Amino acid sequence: MESARRISKVWKSKPTLEGAGVHLKRAFGNNEVPLFDPFLLLDDFHSNYPPHYLKGFPWHPHRGIETITYVIHGRVEHGDSMKNKGVIASGDIQWMTAGSGIIHQEMPRGDSEGLLWGFQLWANLPASRKMMEPRYRGIVSRQIPEATLKGDIRVKVICGEIGNVKGPVRDVVVDPSYLDVSLPPETTFNHPIERGHKVFAYVVDGEGYFDPERSAYSHEVVANAYFDMKEHCACGPESLILYGDGDEVAITAEERPVRFLLVSGKPIGEPVAWYGPIVMNTREELRTAFEEYENGTFIKHR
């Protein structure tokens, strides 16, 4: 008999500064390792004030991970050491496998009204693939299929599948699924996910119930304030929901619609040594990576 996954923990993303001075919200990061294995970080960059993002993320290295950038408003100009160059526009995805090492930059520019909104997710690579050949995949919005389910539920399938609708990003080491789901009021989204895979949701807009139990006391909730003592069963914008194990997720919108990202992947279960933009398995590997960056031998790709 199939069992619905229950919420393990809920918390809100927190303001932080990254890059050369980009204001963003961090849903999870270094402090949450290994709760989200194989995922390492999720940032929500959302601003209509250009001085908070225009300085961007100038040239910097990555090794040992994949970075997935999803823009829903505005644009991000980018370039890298493999001579890829272009713009990630509204609705586009950049899926970059750093592998043995890549140097790139990402410079947000916003839309005609100055609005920038998107997400960057980091996925880890296992030790056997840390030094794989880097690769870059730029997927424009028209290449991302949308599944329409009963009740006019709409799902953009970036990676993984819904029924016979498959996302354009495939052949990824940690077998991920990455869905952008929009539920109208009075609908429920049931989605099977393989047991043992890590699953989380991040609320983009609206409000929904993310497991059938609907009890704020059945899981850990990280409150925003010491005297925040109200029972919050529904999860609203900038809420991060981490699931326990099970066969499927069941998410319901009632009076209000809800839009959320739903991400899952196969855990790696290896040690994580992380400093800045590089994630390896040991401190010695980190030391080697930074020494190579300093002496000009960091780039290995052809």
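Keep in mind that what you see is a predicted model, and the values were worked out from it rather than measured.

1. With respect to the environment of Pro51
And step 1. Looking at where Pro51 falls in the secondary structure, it is placed in the loop between β4 (39-47) and β5 (57-62).
And step 2. A residue is classified by how much of its surface remains accessible, and Pro51, at 48% relative accessible area, is partly exposed.
And step 3. It is 35 Å that separates the C-alpha atoms of Pro51 and Pro184, two residues lying 133 residues apart in sequence.

2. Comments concerning the sheet that holds strand β6 (residues 65-73)
By way of backbone hydrogen bonds, the strands of a sheet pair with one another, either parallel or antiparallel.
And step 1. Read across the sheet, 7 strands follow the order β2-β3-β4-β11-β6-β9-β12 without closing on themselves; strand pairing throughout is antiparallel. Whereas interior strands pair on both sides, the edge strands pair on one side only; in this sheet they are β2 (14-18) and β12 (135-139). On average, each strand axis in the sheet is tilted by 20° relative to the strand beside it, whichever way the strands run.
And step 2. Where β6 and strand β11 (residues 116-124) come together, 8 bridges link them in antiparallel fashion. Of the residues in β11, the one forming a bridge with Ile65 is Asn124.

3. A closer look at the nonpolar core
And step 1. Phe28, Trp95, Phe119, Leu121, Tyr178 and Phe200 are the most contacted members of the largest nonpolar core, which has 29 residues in total.
And step 2. Ranked by residues supplied to this core, first place goes to β11 with 4 residues.
And step 3. If we skip the residues at most four places from it in the chain, Trp95 touches Glu66, Thr67, Ile68, Arg135, Tyr136, Arg137, Ile158, Cys159, Val169, Val172, Pro176 and Tyr178.
And step 4. Of all hydrophobic cores here, the second largest spans 25 residues; its members include Ile153, Leu179, Ile193 and Tyr243.

4. Concerning the packing of aromatic side chains
And step 1. Applying the stated criterion to the full structure yields 12 aromatic pairs.
And step 2. Consider the rings of Trp122 and Trp274, whose centres lie 5.7 Å apart with planes at 40°: the pair is tilted. Highlighted residues: Trp122 in strand β11 and Trp274 in strand β24 (residues 273-275), separated in sequence by 152 residues. Each member of the pair, Trp122 as well as Trp274, is classed as buried.
And step 3. Centre to centre, the rings of Tyr293 and Phe298 are 5.8 Å apart; their planes meet at 80°, and the pair counts as edge-to-face.

5. Regarding the environment of Asn124
And step 1. By secondary structure assignment, the location of Asn124 is in strand β11.
And step 2. Remark: the alpha-carbon pair of Asn124 and Gly151, spanning 27 residues in sequence, is separated by 36 Å.
And step 3. Side chain to side chain, Asn124 and Lys130 meet in a polar contact 2.6 Å long.

Thresholds applied
- Residue numbers restart at each chain and count upward from 1, following the sequence in its written direction.
- Local features in this predicted model are restricted to residues whose pLDDT is 70 or higher, and side-chain atom pairs enter the listing and the counts only when it is 80 or higher, whereas totals over whole chains, interfaces and linings include all residues.
- The basis for the side-chain values is all heavy atoms of the structure; hydrogens and waters are excluded.
- Segments assigned H or I by DSSP are reported as helices when at least four residues long, segments assigned E as strands when at least two residues long, and all are numbered from the N terminus.
- Relative accessibility thresholds used throughout: buried, under 20% of the residue-type maximum; exposed, over 50%; partly exposed, between the two (1.4 Å probe, protein chains only).
- The pairing criterion for strands is at least two bridges between them, as found by DSSP.
- Lines are fitted to the C-alpha atoms to define the axes, a helix being fitted only along its stretch in contact, and any angle between axes, read from their N-to-C directions, falls within 0 to 180 degrees.
- We call a set of buried Ala, Val, Leu, Ile, Met, Phe, Trp, Tyr and Cys residues a nonpolar core when their side-chain atoms join them within 4.5 Å.
- Contacts between residues were defined by any pair of non-hydrogen atoms, one from each residue, lying within 4.5 Å.
- Side-chain rings of Phe, Tyr and Trp (the six-membered ring for Trp) are treated as a pair once their centres are within 6.5 Å; stacked means planes under 30 degrees apart, edge-to-face means over 60, and tilted covers the remaining angles.
- Pairs of N or O atoms are called polar contacts if they sit within 3.5 Å, as long as, within protein, a hydrogen donor faces a hydrogen acceptor (for residues adjacent in sequence, only side-chain-to-side-chain pairs).

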